[in-house]
Amino acid sequence: MRGGTSYRPASVASGGRRRLFIASFTVLVILLIDLLSGGALRSLARTGTQFVSGGADALTASVARSGYFSTRGSLEAQIQALTVQIAQYQEKAAAYDALQGQYDSLSRLTHLAQTLPGVTAPITSSLTASPYGTFTIGAGRSDGVTPGDVVLSAEGFVIGDVASVGAHDSLVTELFAPGRSTNVTVHGASVALSGGGGNNARTQVPRGIAVAPGDVAIAPSFGGRSVGVVGNVASSSASAYSDVIVTLPVDLNVLRFVYVTPKK
Amino acid sequence: MSRIGISALARIALALIGFLSAIVGWPLLTAACILALSLRYRAYEVLVIGLLADFLWQPAGAHIPYFTLGALVAVWIFEPVRTEFLR
């Protein structure tokens, strides 16, 4: 047969298939070992690949600094700066609404927030590209981080919680990760938010409850902290429920540091 | 360059892209590399790429390792096609 295709002798195919079977079995054994060891192997993998991630970041930065893409680079820098500014304004506005609406009940929490124990950690991976709604931070067991710790934005919104901890890094699962469910209260109604990824979560509330864009979603399981604001409410007369989209008022693209505090 | 050489180079390039995308966290590119490698080659490396993507981005515990299972399925589901038609 011409080109790159031809029929293959049965003996060759059989040998290759045996090797493939051994490789598949090995992978399953590795998965099992990792499961039984509580994630020791994946922690090693993360530590090992941080050098590659860091190298890629350094390469990108050096290309940007070289001036080769100066026009494009300056425009992107401007856009980035403006995006940061807008994100800060949005976050502050949402935080202001949250505090305004619950002034009495949050005054004690606000006071507590000033003395909240925890550590500030840099984000060491992309927040938007992870296949599982996870990201890594540069603080681990040596910094006192433990699984279940709550990860907050600068304005105190819950971004996620620590899923697994390495020596100097940790994996964080976003609160709005795809498939994740979180119980919250919105405008006095207790509902379960279903994470949709991309900073959004969805829920349904009875039409009788007047949920409006801008209302704050509070998670009792995270110490009554804010987890997002209502971005959109869609209802029709044919349905007894309104579809509510809750968004995190934090632009994860520009977030560089988070605050990690123990879950109470 | 011989045809075998080009084929090997393509395999190495695809594997490298797969590894890098798994590390950087581009799930669609990782999945595309796994599929392309599995379709054309009896590529043991796709199992490692899948495992790496799960190890890096999935919390430890009883979660379904989609990329590893996906790589296993892909590498076996295309086996009859490869065995029959491809060198």
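Reference entry: report on the structure contained in this document. (Residues numbered from 1 in each chain as written. Chains lettered and ligands numbered in written order. Predicted model: local features only at pLDDT ≥ 70, side-chain atom pairs only at ≥ 80, totals over all residues. Heavy atoms only, no water.)

**Side note on the environment of A:Thr203**
All names here are of chain A.
Piece 1. Within the secondary structure, Thr203 sits in strand 8 (residues 200-206).
Piece 2. What makes Thr203 buried here is its relative accessible area of 6%.
Piece 3. C-alpha of Thr203 to C-alpha of Ile245: the two residues are 42 residues apart in sequence and 6.6 Å apart in space.
Piece 4. A polar atom in the side chain of Thr203 sits 3.0 Å from the backbone oxygen of Ala192. (Helix = DSSP H or I, 4+ residues; strand = E, 2+ residues; numbered from the N terminus. Buried < 20%, exposed > 50% of the residue type's maximum accessible area, 1.4 Å probe, protein only. Polar contact = N/O pair within 3.5 Å; in protein donor to acceptor, adjacent residues only side chain to side chain.)

**Remarks on the sheet that holds strand 11 (residues 241-247) of chain A**
Adjacent strands of a sheet pair through backbone hydrogen bonds, lying either parallel or antiparallel.
All names here are of chain A.
Piece 1. The strand order around the closed barrel formed by six strands is 6-7-8-11-10-9, and the pairing between neighbours is antiparallel. Each adjacent strand pair in this sheet contributes to an overall mean axis angle of 40°, direction not counted.
Piece 2. As paired strands, strand 10 (residues 225-235) and strand 11 are joined by six bridges and run antiparallel to one another. Each residue of the ladder has a partner; that of Val229, found in strand 11, is Thr247. (Pairing = 2+ DSSP bridges. Axes fitted to C-alpha atoms, helices over the stretch in contact; angles between N-to-C directions.)

**A word on the interface of chain A and chain B**
Piece 1. Listed per partner, the contact involves 40 residues of chain A and 37 residues of chain B.
Piece 2. Carbon and sulfur atoms make up 68% of the surface buried where chain A meets chain B, a total of about 3500 Å² over both sides.
Piece 3. Connecting chain A to chain B are one salt bridge.
Piece 4. One salt bridge in this structure joins A:Arg17 and B:Glu79, with 3.4 Å as the shortest N-O distance.
Piece 5. Linking chain A with chain B are 12 residue pairs in polar contact (both at pLDDT 80 or more), by the criterion used here.
Piece 6. Sorting the residues of the side of chain A that touches chain B by element identifies helix 1 (10-36), helix 2 (40-65), strand 2 (134-137), strand 4 (158-165) and strand 5 (170-174) of chain A as the ones contributing at least two each.
Piece 7. Looking at the side of chain A that touches chain B element by element, the count peaks at 15 residues for helix 1 of chain A.
Piece 8. Partitioning the side of chain A that touches chain B into residue classes produces 20 nonpolar, 14 polar and six charged. (Contact = heavy atoms within 4.5 Å. Buried area = accessible area lost by both parts, 1.4 Å probe. Salt bridge = Lys/Arg side-chain N within 4 Å of Asp/Glu carboxyl O. Nonpolar A, V, L, I, M, F, W, Y, C, P; charged D, E, K, R; others polar.)

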